[in-house]
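Topology and contacts: notes
Chain by chain, the residues run as shown.
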Amino acid sequence: MADKEDRQVKQITGFISEVKVDNDWGRNGVVWPDMASAEAAARDLFWRWMLTTDYRAVEVAEEPNRPSWDEWVADRGLPARSVSL
């Protein structure tokens, strides 16, 4: 019985990257397993977008849906820095 109660009390914690554009914080559905990964992803997005003014990582009670940033980059490479139109 105690084991079931313990599972109900514990929340799955993940971290979401946010960037600030026009004084509003925006996010997507990517949930990272640790703060460092969410900060790295937010920093990467901050430097790729032109209208961002700040970035941060926020703790959320959601299950992570990505591996760490380092694992993600090792598997897929860094996101593209520019797009040809």
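1. Some remarks on the pattern of salt bridges
Once their charged atoms are close, side chains differing in charge can pair, the charge on each being opposite to the other. The tally for this structure, following the rule as stated, stands at three salt bridges. E18 serves as the salt-bridge partner of R27, at 2.6 Å between the closest nitrogen and oxygen. According to the relative accessible area criterion, R27 is partly exposed, its value standing at 45%. The exposure class assigned to E18 is buried, which follows from its relative accessible area of 5%. Salt bridges here are not isolated pairs; linked through shared partners, they connect E18, R27 and R56.

2. Observations regarding the sheet that holds strand β2 (residues 24-27)
One open sheet holds the three strands; their spatial order is β2-β1-β3, and the pairing between them is antiparallel. A strand with exactly one partner marks an edge of an open sheet, and here the two such strands are β2 and β3 (52-60). Pairs of neighbouring strands in the sheet enclose a mean axial angle of 35°, with direction left out of account. In this structure, strand β1 (residues 14-21) lies alongside β3, joined through eight bridges in antiparallel fashion. Looking at the pairing, G14 lines up with V60 of β3. The strands touched by helix α2 (residues 35-48) are β1 and β3; relative to β3, the strand with the most contacts, the crossing angle is about 160°.

3. Observations regarding the packing of aromatic side chains
In total, this model carries four aromatic pairs according to the counting rule given. Arranged with centres 5.2 Å apart and planes meeting at 50°, the rings of F46 and Y55 form a pair that is tilted. We classify F46 as buried; its relative accessible area is 17%. Through a chain of ring-to-ring contacts, three or more aromatic side chains come together here, namely W32, W69 and W72. Here the basic side chain of R56 rests over the ring of W25, its NZ or CZ set 3.9 Å away from the ring centre.

Reading the values: the criteria
- Residues numbered from 1 in each chain as written.
- Predicted model: local features only at pLDDT ≥ 70, side-chain atom pairs only at ≥ 80, totals over all residues.
- Heavy atoms only, no water.
- Salt bridge = Lys/Arg side-chain N within 4 Å of Asp/Glu carboxyl O.
- Buried < 20%, exposed > 50% of the residue type's maximum accessible area, 1.4 Å probe, protein only.
- Pairing = 2+ DSSP bridges.
- Helix = DSSP H or I, 4+ residues; strand = E, 2+ residues; numbered from the N terminus.
- Axes fitted to C-alpha atoms, helices over the stretch in contact; angles between N-to-C directions.
- Contact = heavy atoms within 4.5 Å.
- Phe/Tyr/Trp six-rings, centres within 6.5 Å; stacked < 30°, edge-to-face > 60°.
- Lys NZ or Arg CZ within 6 Å of the ring centre and 35° of its normal.

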